[in-house]
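# Chains, contacts and geometry: an overview
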Amino acid sequence: MRLDQIFYTWSERSLLGGKGMGPVASSLPIDALSGWDPLLRERVWAGWQEHDRFGLGYLRGPDGHAVICKRPVTEAEGRQASLAHILVGHEINALQALSLHEWDGWLTSWDGTAELAPLSWEDLRHQADKGRHDLVRRARALPPATLAELVAFVLAAPEADVSVVAPPEAPAELLCALVEIMGATTTFSTMESRDDDRGCPHIVFLPEHHESRMGVARRRLRFGGDGGDPFATALAVSYRAEGRTAIDRLRPARPVASVDDSRAWAQKAQLSPGVLDDVAGLLRRAQALSAAELGALRSKHGLAEARRIVPTMDDGELAALLRATALPEEVTELVQGVALRSYLTGHAGERVLEGLAVRPPSAQLLREALKQDPSLRRVAALAGRVLPEPRARRALVDSVARTMSKAELIGWVHEHSAEEPEAARVALNVICDGRERSSEQRRRALDALIARGGLAEAAARLTGSPREATAYLQSVLSVVAGEKIDEGVMAAFLAHPRPSAQLLYALRALARDSRSLALVDRTAWTQFFVQAGLPTPLGARPVATQARAQPRSTEQARPGPSDDLPAPKAERILLVLLFMGVIALLAVVAVVATSGGPL
């Protein structure tokens, strides 16, 4: 969007040939400037004395709209004068004009030599966007009573021109809020010294001691009346809470241009006087609702709308509703159910969980939510935050753990025992409670247990003593690997780097035969010396080097029918030496006996 610039000040001869206040620089062609001049020259005079104040105006012209920034100056001769920097463009709207209120490109002086070039809206976009954001933020912070009084005054006669005298708040913020609520582009000026001259915008702001002398067909507002009607008050409160988004849900498609339009809007947009037909807005303001608004939420219409709206809310909105203390019970239960399902299915995060901790759901809601097949981790986190009784927490986790396979539980306990110890212990008890039914499930459980070192680390973390950890490990091993563990499966468990003493103890108790037992003992013996910093004794071979070739599944790990494996080389040497020593001793005895000497 192209923006042309014009600069007005006092001169002996303007661009259009006149003397006095006129255009002295412009990026418009002369014929286009001539078309704008009759409108602009009526609005460029800044008749107030405070040089630190400027006025921002927005006008509709012959070929688009103009934004005027004017300020009073005193010239060298002591003459009172004005400067006005103007931007004209085809598609400037009122909010865009207001967003330029703090633009640093407004000219504040004139040396008579500068030339003005056209601008693009893109040149101003960064500052304009920031200016609009800051302005809207300040507008939403206006006192609702002040804004409601202005809105009510305008709605009482939308077609009439309005002059606001000595407003208690900044005109730019009041205009911003009014434009966003009414939704119509209106001409305005944030500062005028009088409103009885020609061409005044639709809404102007005057100082307390303005210079208007003649009567005008304008309505003048002085703040401090009865505070506005209920509809205007409800609009102001809703705007403060959510901004333009809330009003957009209520505003009619056509601009409000007459008293009849205002009445029709008020009638359609209210459930009762002062209660907007905006359940979404009521829910978002749940912490500060009136008795009439709470009644509207309890109504059949309010509950139906709440059922439609609550599932679409984000984490922050759900958390705020969970913290609201005065909501009707039906709405609270609805919010709890939605928050539960959203959290357990992974769509909501920590903020919703914190809200559920403030407003714990009922047992019935919990049972309904568990039908969503939630993850055990989410259930464990939920139980830890919303259920104060340990028995209730354990029961909730147990109900979900029993829907999982033992392979899944083994993996979960291994990964989450540190962060969710209570839930992990419940899961560990479920693992110990009976074997899987199918051989495939048993195989997967065994593979999972071997891969995770028999859950030795988790058992040590979850129990209070080595003896208790050993008992748990023995129970888990007996369920997953069987009451008697053969050599192949034993080797697979012992292949894990540095198996703990508790695991070795539990494996030893379940060894099927002497060979399985020997594997455990040899590993324990070797590990004892290694941990002491000593070399492995003669005859001991670390089992890990033997077990690398062992398969990990139950069916593949069992040895074949021949169980005659050769003894290690070192053991054979010892046997030979022992045998030779015995022969030598017998020979000595024989020699002594033959010679008749004492033995």
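### A short note on the overall build of the protein chain
- Looking only at helices and strands, the protein chain features 28 helices and 12 strands.
- For the protein chain, the proportion of its 599 residues judged to be buried stands at 47%.
- For the protein chain, the proportion of contacts with a sequence separation of at least 24, taken over those separated by at least 6, is 67%.
- Surface summary for the protein chain: the accessible area is close to 29,900 Å², and the carbon and sulfur share equals 53%.

### Let's talk about the side chain of S342
- By the secondary structure assignment, S342 is in helix 13 (residues 329–344).
- When neighbours within four sequence positions are excluded, S342 is seen to be in contact with H347 and A348.

### What about the environment of G35?
- Position of G35 relative to the elements: it lies in helix 1 (residues 30–40).
- Along the chain, G35 and D63 lie 28 residues apart, while their C-alpha atoms are 8.5 Å from each other.

### Regarding the confidence of the model for the protein chain
- For the protein chain, the average pLDDT comes to 87, and 89% of its residues sit at 70 or higher.
- Of all helices and strands in the protein chain, the one with the weakest mean pLDDT is helix 27 (residues 554–557) (39), whereas helix 5 (residues 171–182) scores best (97).
- Long-range and interchain partners of residues 542–568, a stretch whose pLDDT sits below 50, account for 37 contacts in this model, where long-range means more than four residues apart.

### Observations concerning the pattern of salt bridges
- Under the counting rule described, the total for this entry stands at 34 salt bridges.
- Close ionic contact of R444 with E440 constitutes a salt bridge, the shortest N to O distance being 3.0 Å. Of this pair, R444 and E440 both sit in helix 20 (residues 439–451), four residues apart, roughly one helical turn.
- Exposure remark for R444: the relative accessible area of 48% places this residue in the partly exposed category.
- Since its relative accessible area comes to 33%, E440 is described here as partly exposed.
- Among the charged side chains, a network of salt bridges with common partners joins E242, R249, D278, R284 and E317.

### Quick look at a nonpolar patch on the surface
- Where nonpolar side chains cluster on the molecular surface, the patch consists of L15, L16 and I30 and spans about 230 Å² of accessible area.
- In this fold, I30 is placed in helix 1.
- Taking relative accessible area as the criterion, I30 reaches 45% and is therefore assigned partly exposed.

### A word on helix 20
- Taking 1.5 Å as the rise per residue, helix 20 with 13 residues should run 18 Å; its terminal C-alpha atoms sit 18 Å apart, in good agreement.
- Residues A445, L446, A448, L449 and I450 constitute the buried set of helix 20.
- Just downstream of helix 20 lies G453, where phi reads positive at about 60 degrees.

### Things to note about unusual backbone geometry
- Of note in this structure, A166 is not a glycine but carries a positive phi near 50 degrees.
- Along the chain, A166 falls in the loop between strand 7 (162–165) and helix 5.
- Phi at D373 takes a positive value of approximately 55 degrees, unusual for a residue other than glycine.
- For D373, a relative accessible area of 65% gives the class exposed.

### Considerations on the side chain of E242
- Here E242 is to be found in helix 6 (residues 230–242).
- Among the polar contacts made by the side chain of E242, one reaches the side chain of R249 at a distance of 2.8 Å.
- In this structure, E242 is in contact with R140, R249, A280, G281 and R284, ignoring residues within four places of it in sequence.

### As for the environment of G224
- Note on placement: G224 falls in the loop between strand 10 (219–222) and helix 6.
- Once the C-alpha coordinates of G224 and E149 are considered, the two residues, 75 residues apart in sequence, prove to be 8.3 Å apart.

### Some words on the nonpolar core
- Of all hydrophobic cores here, the largest spans 91 residues; its most connected members are L283 and V413.
- Among the elements that take part in this core, helix 19 (residues 421–432) stands out by supplying eight residues, more than any other.
- Setting aside residues up to four positions removed in sequence, L283 forms contacts with L297, A306, I309, V310, M313, L321 and V331.

### Looking at the packing of helix 13 against helix 14 (residues 350–358)
- Packing of helix 13 against helix 14 leaves a shortest axis separation of 10 Å and a crossing angle of 140 degrees. It follows from the interaxial angle that helix 13 and helix 14 lie oblique. With respect to the hand of their crossing, helix 13 and helix 14 are arranged in left-handed fashion. From helix 13, Q336, A339, L340 and Y343 reach across to helix 14, where they touch V352, L353 and L356.

### Let's talk about the environment of L235
- Turning to its location among the elements, L235 is positioned in helix 6.
- Its relative accessible area of 0% is what places L235 among the buried residues.
- A C-alpha to C-alpha distance of 7.6 Å links L235 and I181, two positions 54 residues apart in sequence.
- Filtering out sequence-adjacent residues up to four positions away, L235 remains in contact with V151, L155, I181, I247, W265 and L276.

### A few points about helix 6
- An ideal rise of 1.5 Å per residue puts 18 Å on 13 residues; helix 6 measures up with 18 Å between its terminal C-alpha atoms.
- Every buried residue of helix 6 is listed here: F231, A232, A234, L235, A236, S238, Y239 and E242.
- In the segment just after helix 6, G243 is the residue with positive phi, at about 75 degrees.

### A word on the pairing of strand 4 (residues 64–74)
- Where burial is concerned, most of strand 4 is hidden: 10 out of the 11 residues are buried.
- One ladder, built from seven bridges, connects strand 3 (residues 55–61) with strand 4; its direction is antiparallel. Directly across from Y58, in strand 4, lies its bridge partner V67.
- Linking two consecutive strands that pair antiparallel, namely strand 3 and strand 4, is a turn of two residues.
- For strand 4 and strand 5 (residues 80–89), the ladder comprises 10 bridges, and the chain directions are antiparallel. Residue pairing across strands places R71 opposite L83, the latter belonging to strand 5.

### Regarding the packing of helix 17 (residues 390–401) against helix 19
- Interaxial distance between helix 17 and helix 19 falls to 9 Å at its minimum, and their mutual angle equals 50 degrees. Put simply, helix 17 runs oblique to helix 19. Seen from above, helix 17 lies across helix 19 with right-handed handedness. Each of P390, R393, R394, V397, D398 and A401 in helix 17 lies in contact with helix 19, whose residues at this interface are E422, A423, V426 and V430.

Quick notes on the rules
- Residues numbered from 1 in each chain as written.
- Predicted model: local features only at pLDDT ≥ 70, side-chain atom pairs only at ≥ 80, totals over all residues.
- Heavy atoms only, no water.
- Helix = DSSP H or I, 4+ residues; strand = E, 2+ residues; numbered from the N terminus.
- Buried < 20%, exposed > 50% of the residue type's maximum accessible area, 1.4 Å probe, protein only.
- Contact = heavy atoms within 4.5 Å.
- Areas by Shrake-Rupley, 256 points an atom, 1.4 Å probe, with all protein chains shown as cover.
- pLDDT = per-residue confidence, 0-100.
- Salt bridge = Lys/Arg side-chain N within 4 Å of Asp/Glu carboxyl O.
- Patch = residues over 30% accessible without salt bridge, like charges linked within 9 Å, V, L, I, M, F, W, Y side chains within 5 Å.
- Expected span 1.5 Å × (residues − 1).
- Polar contact = N/O pair within 3.5 Å; in protein donor to acceptor, adjacent residues only side chain to side chain.
- Core = buried A, V, L, I, M, F, W, Y, C linked by side-chain atoms within 4.5 Å.
- Axes fitted to C-alpha atoms, helices over the stretch in contact; angles between N-to-C directions.
- Parallel < 35°, antiparallel > 145°, perpendicular 65-115°, else oblique.
- Left-handed = near helix turned anticlockwise from the far one by under 90°.
- Pairing = 2+ DSSP bridges.

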